[in-house]
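# A closer look at the structure
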Protein chains: 2
Amino acid sequence: MQQPLVQEPFTLVMPGAAMSAAVHGGRAKCLQRLSRLELPVPTTVALSFDAVHGIATGRLPDVAKILSHFGAEPLLSVRPSSLDPDWGGPGAILNIGMNDALHRRLCAEVGEEAATRLFLRFIQSYAVHVSRLDPEPFDLPEHADAAALRAALDAYEYETDEEFPQDVGVQLKHVLNSMARAWEGTTARLLRQAKGAPANAGLGLVVQQMALGVGAGESGAGVISFIDPSTGMPRMSGRYLRQAQGRDALVAGSGGMYLTRDERGPSLEEQAPEIFARLAEAGALIRHALREEMQVEFTVSGGKLWIIDAVRVPRSSQATVRVAVGLAEDGIIRREEAVMRVQPSALSELLHRHVDPTAKRDCIVRGIAASPGAASGQIVFSAADAQASAARNEPCILVRRETAPEDIRGMHAAKAVLTVRGGITSHAAVIGRGLGLPCVVGASDLVIDRKRRVLIAPGGREFAEGEIITVDGTNGEILVGEPAMLEAALDDTFRTLLDWADGFRDIGVRANADTPTDATTARNFEAEGIGLCRTEHMFFERGRLGVMREMIFSNSPDDRREVLDRLLPMQRDDFRALFSIMVGRPVCIRLFDPPLHEFLPADKQGLRDLAEGLGLPLSDVTTRVEAMQEYNPMLGLRGVRLGVTVPEIYEMQARAIFEATVDINRDGDPVVPEVMIPLVSAMKEVELMKTRIDAVAAAVKVETGADFDYKLGVMVETPRAALRAADIAQHAAFLSFGTNDLTQMTYGLSRDDAGRFMSAYVNQGVYEEDPFHSLDIEGVGELLQIGAERGRVGRKDIVLSICGEHGGSRSAIAFCRKQAFNYVSCSPFRVPVARLHAAQLALQEKEPALFGK
Amino acid sequence: MQQPLVQEPFTLVMPGAAMSAAVHGGRAKCLQRLSRLELPVPTTVALSFDAVHGIATGRLPDVAKILSHFGAEPLLSVRPSSLDPDWGGPGAILNIGMNDALHRRLCAEVGEEAATRLFLRFIQSYAVHVSRLDPEPFDLPEHADAAALRAALDAYEYETDEEFPQDVGVQLKHVLNSMARAWEGTTARLLRQAKGAPANAGLGLVVQQMALGVGAGESGAGVISFIDPSTGMPRMSGRYLRQAQGRDALVAGSGGMYLTRDERGPSLEEQAPEIFARLAEAGALIRHALREEMQVEFTVSGGKLWIIDAVRVPRSSQATVRVAVGLAEDGIIRREEAVMRVQPSALSELLHRHVDPTAKRDCIVRGIAASPGAASGQIVFSAADAQASAARNEPCILVRRETAPEDIRGMHAAKAVLTVRGGITSHAAVIGRGLGLPCVVGASDLVIDRKRRVLIAPGGREFAEGEIITVDGTNGEILVGEPAMLEAALDDTFRTLLDWADGFRDIGVRANADTPTDATTARNFEAEGIGLCRTEHMFFERGRLGVMREMIFSNSPDDRREVLDRLLPMQRDDFRALFSIMVGRPVCIRLFDPPLHEFLPADKQGLRDLAEGLGLPLSDVTTRVEAMQEYNPMLGLRGVRLGVTVPEIYEMQARAIFEATVDINRDGDPVVPEVMIPLVSAMKEVELMKTRIDAVAAAVKVETGADFDYKLGVMVETPRAALRAADIAQHAAFLSFGTNDLTQMTYGLSRDDAGRFMSAYVNQGVYEEDPFHSLDIEGVGELLQIGAERGRVGRKDIVLSICGEHGGSRSAIAFCRKQAFNYVSCSPFRVPVARLHAAQLALQEKEPALFGK
């Protein structure tokens, strides 16, 4: 087969050379930029991706031509240069060119010890990384003397049956070859693909003249950066080591000195102030020119400073935000770029306390990372114990097989929640995210032994009630004990960045908020309104559950109405609280949704209490509770089906909403509540409910003498509602797609039960991703599109949105932008992330050339 | 408002008159037809629907003009003539025109007693039906003498303050007016609408010269028909009564004579052979000309025969079929017409034993008519009791809150099933239909008191275990005791009709059949194959459930495979049995579908037995059984999800299918089994399963050295599978739409839970019909259409069908024909009905003018 023609397999790095990161990799391009700044960069030759791929497939490079760029007896380093440094790659190899002759010359120039050490290090690298020999015989000796050198050379010959190569051309050829092949290895490929590299990601190589760092005069090597990598605050830091090469200064225990004056020891600033000054100057230059905070690798050779390399400072999420904002505030980058530079996932980390990445982790079990952040506390196995624990001021972790609505107060009391069952949208997960509570669900390898009150982990490890564990909801791990934590870090730069983001985005972001606490969080995160207020949680509160049960056991509409009249003032207060927190912003209230049996006790004691409370025989109560059980509650008597069959509940809720509206409107900005009907599958359901709710509104207007507006809309959760959206839109001012339920029904997949096989499905590639985690564009998305198009046919100015757990994800926001939805709504803690995603998507569309993909 | 112009409000009935049933009603049109046959029909005038509606709204008719068609002193009858006699209407009024003068004349002609009786009867009719007086004073006296006549006339004058009208014009005017108004009354309107009459159904009236039936010479009246109304067999029957009018002969205890020679008493054939002969001749003439079996009303007046009226013989379902086939076999109607004349619901009745329509019914409660037919037996409350009862040869009715797969053997043992919960597609309903077992489900007004072992019905009626009740699955009623039954009646004419139907239909009909019994039924009903063989029932059989449970508790794929190896020969036998019954016809086998936990016991004793059987601690077994429970089993780990995560089950099933195929192919016609994958939601699921099943096929071929074909297809049950049908069809030879599950998911509605509110929904018109009963064309239908279109995009020659409970319904078959599906598949007992529906739909399309709608 004919080899593809490769033009310019290698390029001398200099200001005018034709180079790009896409062809030669980031390091090569960066070195060219440094050279443009007229910084003292040693001679460098860059090999393109194609050239390196060619090497790996047998097309050996014209080494002589490469060497022609260097002097007669060159000493070289080779470093990898891929598109993204995170993708890894072979380690640098230094001192290529060392041989007996050069060794002799260097013995004279820098002393035998130093010269021999250079040679030994090269032999070691070459033997281990190029000739792939067992490393042990090549360990560096304490004394770098002639005997040690002889031993190393002999060991090489013994192992390979060849003498150590003396020719720099041969050495370089083999180094390039081994690095090229290392990149193509399966493990390396899998590792980088796990970090997002494409299958065909290329490796460039950089061949650079070594600056020695050893010898007479000020000689050494160091690394400097100009920010604190944890906080992003400006602070010069790094290490410098005399008589050293490369990144030796960073090796622990290697000694060396600080860069800036420091009371703990000597510093470059004091010891070599001129070099320090030139380094500081170079740093400022690099920051402006490379438009990034860089970590600079430098070598001092006989008093001369060489800039060897510069890489983006590895940094924490907090620092990422601060650097981006700082660069933009200094006019170095545009605000658009600052917004694009922050990964939304980094924001998410900032919002939560999390395990210090450097802390030691003893992982008990892995589950599904359902709500980010981490917390430690004593194991408790019931909501009541969690509340008792909280009362004693002892942090606790609520561990349950699964959670149910009656666990909510226990969840409030706990620091984190761990469940054995459930998926990314299970009750525990949804509530956890709503509360900003770390949560791991579906840890199906755990067994709760309730009798013995222990948690049994894989391998038979047991953790008793009261023992301390840590829930890491960011990565789904449960850890033994209490590792070090980093606090949430919401600072001004965070707000600044999001303000900028809001200036760029073109789709609304609301929050799903059920409680005043949620609403306050939403407001703090500048949600534009509440997109989904689930009202059912309100009925589990103290003093309400009993009334609720009484309502369920009422025998006639009149009895029901009488009981609901007692709930009315409480509901009115709920809505008044929400309206006053969100004042001036829309609040979309979903009418009662869950099946009524969720409000009934399941255990014997609960049934006995209920029978006593209602003054009914236990057998009656038991029979009725049993009769209300459902096979598939998700698909049962809930949502608008309750609205149709037990209309008194929706009437009470509508009245509470309207009365709260009138109350709030007396004091200030008029509220326009949005009333949303759940689980619609037919137009007639909406028509019926609209008639009833309009009647309640008219009654409240007459009774109060006050006028108000409201909007009635539909939550599109069934495939049929999407298909019939044109009809439905006749009676609905808005359609909000409940993608959780819609995903369940489109796939025929219960989110609560999917956890048991979802990982197998995703691992085998049956589903590309968990559709509850990542909106299924192909299936559910098509129903959204059909629903949106038909909704607009039914009502030209219909307001479209999605609510539910997908609302904050990038793919869902991208989809909603494309379909020109009005807004997305997500958990309060995802609002900042969603705002950033939305801005980035808008910028990507506006300036595709700049922001790629 | 201007009255609409009514042309020809009345028409003299004669061969050339412009008349139609749509304008004048069926009776009028029929009389015209009789007159065309030159039969002795008395002078008749027909009033059109418009004319009668005019009368009801005040436009009184020109009575004089009507009377001008009759003689000087006419004696008239008025009879209703609507489009469909089933719609009811006012009763006939006879002897209009009777007055003092005519009475005197008739006294001379026919004798005082007879003349007075005619007058008295007219006064009675007129008083009660026209003047709406209390009937009691007008009861007919024992002796029709002058005193009685005086008393009647006085009573009339006393009640109305008016003399009894003497003028025939006045009498006729009031008769017409009262009959026209009776038709417009609310009750009459509701009654006929319940029978399918449109809101604007019109009434025509027929004014006819009376043939006296009293007086000298052979005089009397009778009714004759030429078939047995129960069986449809040719048999002259009816009654004749001398000195009588109208239908008097049919009044019980009125005496009279038989028509044909009969040893029980005198007959017209003997007493007046000439008249009898003319009557028989007229009957044959009428049958040919009216192309129907008619019941003829006749009067003999002084030896002259008059044909007064003819109506379609009311008949049983069995007779309906025989008459249609008989008329076609005699060349009187075409076979197409015969096929169109039988209501498919009538066929359904023939297939099952049913309650004699004339039996007295004491209805305990109503539920959902889930499987047609009726059966009586002792109440039992458990499957075990049903089996015990069957063992004692005591017919029993299994009464359960709901049924589960473990009740199947009890259902087999019972004569009928009654459940408190569930809808038209609940477990009990599906199995009931499959077994042809009468079944009523969702009788939610019943309470089962298990402790006291009684059934509590509305109104507190209690029925203890062992008491006899009757389940009428045709209309959903539960009856006290054991009313008279009519047996199923499948005769040759039934088969003839369906053979003809098969000649006309253009869509295939297969049966859903899981067992050899089902398959035999399917074969007897000439299903073209099995469209859906559900394999899960096979694992509940004796000796298999235990193995199944062992499999579920296996800890590794190897253990599972070892256990499944024990099930393999049993499965192979299952399939061999089906293939040999269906030989030469396709059998589509759905791989294992239900969640595994359905096979585990739910009660303590069952758990204890299981623990003992498996040799595991009870707590282990309990924990694992609990851990396998699902929130929404319908949407859980079942179908292809088991295929992906526990592949050994499908592999065993595929092997059983292929080994059975090889076995059967040795002996005869090659079988081409169809393997169907359930609950698919993504193409990849199919791809994965296809790879595995192809591998099993290849292995079986190698092992047996035999070659065979098979088809792999997909059951489209999730909305996503319909949306992604183009992908899926790449790997599927056929798509069969499981409309049960697809309806559940499209609506977000569990069929098992829907029963609790479906009637409220349908009554309030929220859903036009129960979508589990009647295919939802607008929503589910659109997904079917999308799936079909895209399936054809993915594979041009893909075979399309629906299986599931909708398969036999007319609307579903109509839909499938329109979408050019290849076949429908339904319960074996619905196959004949589906064949007839399909033929009728094809004929309707082919000859829309003939077969209307």
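Bear in mind that the values here come from a model prediction, so they are computed numbers and not experimental data.

About the criteria used
- Numbering of residues starts from 1 in each chain and follows the order in which that chain's sequence is written.
- Both sets of labels track the order of writing: A upward for chains, 1 upward for ligands.
- Per-residue local features of the predicted model are confined to residues with pLDDT of at least 70, and side-chain atom pairs are confined, for both listing and counting, to 80 or more; whole-chain, interface and lining totals are unaffected and use all residues.
- With hydrogens and water set aside, each side-chain value is computed from the structure's full complement of heavy atoms.
- Numbering goes from the N terminus for both helices and strands, where a helix is a DSSP run of H or I of at least four residues and a strand is a run of E of at least two.
- The contact definition used throughout considers only heavy atoms, calling two residues in contact when any of these lie within 4.5 Å.
- Method for areas: the Shrake-Rupley scheme with a 1.4 Å probe, in which residue coverage is limited to the protein chains shown.
- A least-squares fit on C-alpha atoms brings the copies together, and the residues used are those whose pLDDT is at least 70 in both copies.
- By definition here, a salt bridge exists when the distance from a side-chain nitrogen of Lys or Arg to a carboxyl oxygen of Asp or Glu is within 4 Å.
- Only protein chains enter the calculation, and the probe is 1.4 Å; a residue is then buried if its accessible area is under 20% of its type maximum, exposed if over 50%, and partly exposed in between.
- Stacked, tilted and edge-to-face are the three classes assigned to paired rings of Phe, Tyr and Trp, where Trp is represented by its six-membered ring and a pair needs centres within 6.5 Å; plane angles under 30 degrees give stacked, over 60 edge-to-face, the rest tilted.
- Lysine NZ or arginine CZ positioned within 6 Å of the ring centre and within 35 degrees of the ring normal marks a charge as sitting over the ring.
- Two strands qualify as a pair provided DSSP detects at least 2 bridges between them.
- Axis lines are fitted through C-alpha atoms, for helices just across the contact stretch, and the angle between N-to-C directions can take any value from 0 to 180 degrees.
- The buried area of a pairing is the accessible area, by a 1.4 Å probe, that goes missing from both parts when the two are put together, added over both.
- Note that Gly is not counted as nonpolar here; it falls among the polar residues with everything else outside the nonpolar set of Ala, Val, Leu, Ile, Met, Phe, Trp, Tyr, Cys and Pro and the charged set of Asp, Glu, Lys and Arg.
- Counted as a polar contact is a pair of N or O atoms within 3.5 Å, where, for protein atoms, one must be capable of donating a hydrogen and the other of accepting one, and residues adjacent in sequence contribute only when both atoms are in side chains.
- Residues form patches when they are more than 30% accessible in relative terms and have no salt bridge. Like charges link within 9 Å. Nonpolar side chains (Val, Leu, Ile, Met, Phe, Trp, Tyr) link within 5 Å.
- Two residue types count as positive, namely Lys and Arg, and two as negative, namely Asp and Glu; His and chain ends fall outside the count.
- Where a charge lies is defined by one atom per residue type: Lys uses NZ, Arg uses CZ, Asp uses CG and Glu uses CD.

### A word on the overall build of chain A
The secondary structure content of chain A amounts to 34 helices and 30 strands. For chain A, the C-alpha atoms occupy an extent of roughly 105 × 65 × 60 Å along the three principal directions. In chain A, the share of contacts with a sequence separation of at least 24, taken over all contacts with a separation of at least 6, comes to 68%. Per element, the accessible surface of chain A, about 34,000 Å² overall, is 50% carbon and sulfur.

### Some details on the relation of the copies chain A and chain B
Mapping chain A onto chain B calls for a rotation angle of 178° and an axial translation of 0.1 Å; the resulting RMSD is 0.7 Å. Here the symmetry operator amounts to a two-fold rotation axis. Across chain A, the smallest distance between a C-alpha and the rotation axis is recorded for A:Asn632, namely 1.8 Å. When the interface residues of chain A are mapped onto chain B, 100% of them again lie at the interface, so the same face is used by both copies.

### Section: the pattern of salt bridges
If you walk through the whole model with that rule in mind, you get 136 salt bridges over all chains. We note a salt bridge from A:Asp663 to A:Arg666, for which the minimum N-O separation is 3.1 Å. A residue pair is termed a helical-turn pair when its members lie 3 or 4 positions apart in one helix, as A:Asp663 and A:Arg666 do in helix α25 (residues 648–667) at three residues. Note that B:Arg544 is salt-bridged to B:Asp574, the shortest N-O span being 2.6 Å. Here B:Arg544, found in the loop between β24 (530–534) and α20 (545–552), pairs with B:Asp574, found in helix α21 (residues 557–581); they are 30 residues apart in sequence, far enough to count as distant. The same class applies to B:Arg544 as to B:Asp574, namely buried. Each of the salt bridges in this network shares a partner with another, and the network as a whole consists of A:Glu536, A:Arg590, A:Asp593, A:Arg638, A:Glu717 and A:Asp741.

### Observations regarding the packing of aromatic side chains
Following the criterion strictly, the structure yields 34 aromatic pairs over all chains and no others. Ring centres 5.0 Å apart and planes at 70° place the aromatic pair B:Tyr747 and B:Tyr767 in the edge-to-face group. Taken as a pair, B:Tyr747 in helix α29 (residues 739–747) and B:Tyr767 in the loop between α30 (751–763) and α31 (780–794) lie far apart in primary sequence, 20 residues in all. Here B:Tyr747 matches B:Tyr767 in class, with each residue buried. Sitting over the ring of A:Phe708, A:Lys701 keeps its end group 5.1 Å from the ring centre.

### A few points about the sheet that holds strand β8 (residues 294–301) of chain B
Residues and elements named next belong to chain B. Taken together, the four strands give an open sheet; going across it, the order is β7-β6-β8-β9, and neighbouring strands pair in antiparallel fashion. Unpaired on one side and paired on the other, β7 (234–242) and β9 (304–312) mark the two borders of the sheet. Ignoring strand direction, the axes of neighbouring strands in this sheet form an average angle of 20°. In this sheet, β8 lies alongside strand β6 (residues 220–227) in antiparallel orientation, the contact comprising five bridges. Considered in β8, the bridge of Ile224 is made with Val296. In the packing of helix α2 (residues 26–36) onto the sheet, contacts are made with β8 and β9, and the angle to β9 comes to roughly 135°.

### Quick look at the interface of chain A and chain B
Listed by partner, the interface residues are 51 residues for chain A and 52 residues for chain B. For the chain A and chain B pair, buried surface summed over both sides reaches about 4,900 Å², with 52% attributable to carbon and sulfur atoms. On the chain A side of the contact with chain B, A:Tyr631, A:Leu635 and A:Arg720 bury the most area, a combined 14% of that side's loss. One can count twelve salt bridges joining chain A with chain B. Across the pair A:Glu778 and B:Arg724 runs a salt bridge, and its minimum N-O distance is 3.3 Å. Secondary structure elements with two or more residues in the side of chain A that touches chain B: α23 (618–628), α24 (640–645), α26 (683–704), α27 (719–723), α29 (739–747), α30 (751–763) and α31 (780–794) of chain A. For the side of chain A that touches chain B, the element with the highest residue contribution is α30(A), accounting for six residues. Across the side of chain A that touches chain B, the residue classes break down as 22 nonpolar, twelve polar and 17 charged.

### Here we look at the side chain of B:His597
All names here are of chain B. Looking at the secondary structure, you find His597 in the loop between β25 (587–590) and α22 (604–614). A residue is classified by how much of its surface remains accessible, and His597, at 10% relative accessible area, is buried. Reaching out from His597, the side chain makes a polar contact with the side chain of Glu630 at a distance of 2.9 Å. What His597 contacts, discounting residues up to four positions off in sequence, is Met628, Gln629, Glu630 and Pro633.

### Here we look at a negative patch on the surface
Taken together, A:Glu406, A:Glu598, A:Asp603, A:Asp609 and A:Glu612 make up a surface patch of like negative charges. With respect to the helices and strands, the residue A:Asp603 is situated in the loop between β25 (587–590) and α22 (604–614).

### Describing the sheet that holds strand β20 (residues 468–472) of chain B
Remark on secondary structure: sheet strands pair via backbone hydrogen bonds, oriented parallel or antiparallel. All names here are of chain B. Strand order in the open sheet made by the eight strands is β11-β21-β20-β13-β14-β15-β16-β12, with mixed pairing throughout. Edge positions in the open sheet fall to β11 (363–366) and β12 (368–371), since each of these has one partner strand only. Each neighbouring strand pair of the sheet contributes to a mean axis angle of 30°, computed without reference to strand direction. Relative to strand β15 (residues 416–419), strand β14 (residues 396–400) is paired through four bridges, and the arrangement is parallel. Across the sheet, Leu398 pairs through a bridge with Val417, a residue of β15. Contacts from helix α17 (residues 427–435) reach β12, β15 and β16 (439–441), with the element oriented near 170° to β16.

### Description of the environment of A:Val831
All names here are of chain A. Summarising the element assignment, Val831 is placed in helix α33 (residues 831–846). When the C-alpha atoms of Val831 and Val509 are compared, they prove to be 6.8 Å apart, with 322 residues separating the residues in sequence. Ignoring anything within four residues of it in the chain, the contact list for Val831 reads Val509, Arg510, Ala511, Phe525, Ala527 and Cys826.

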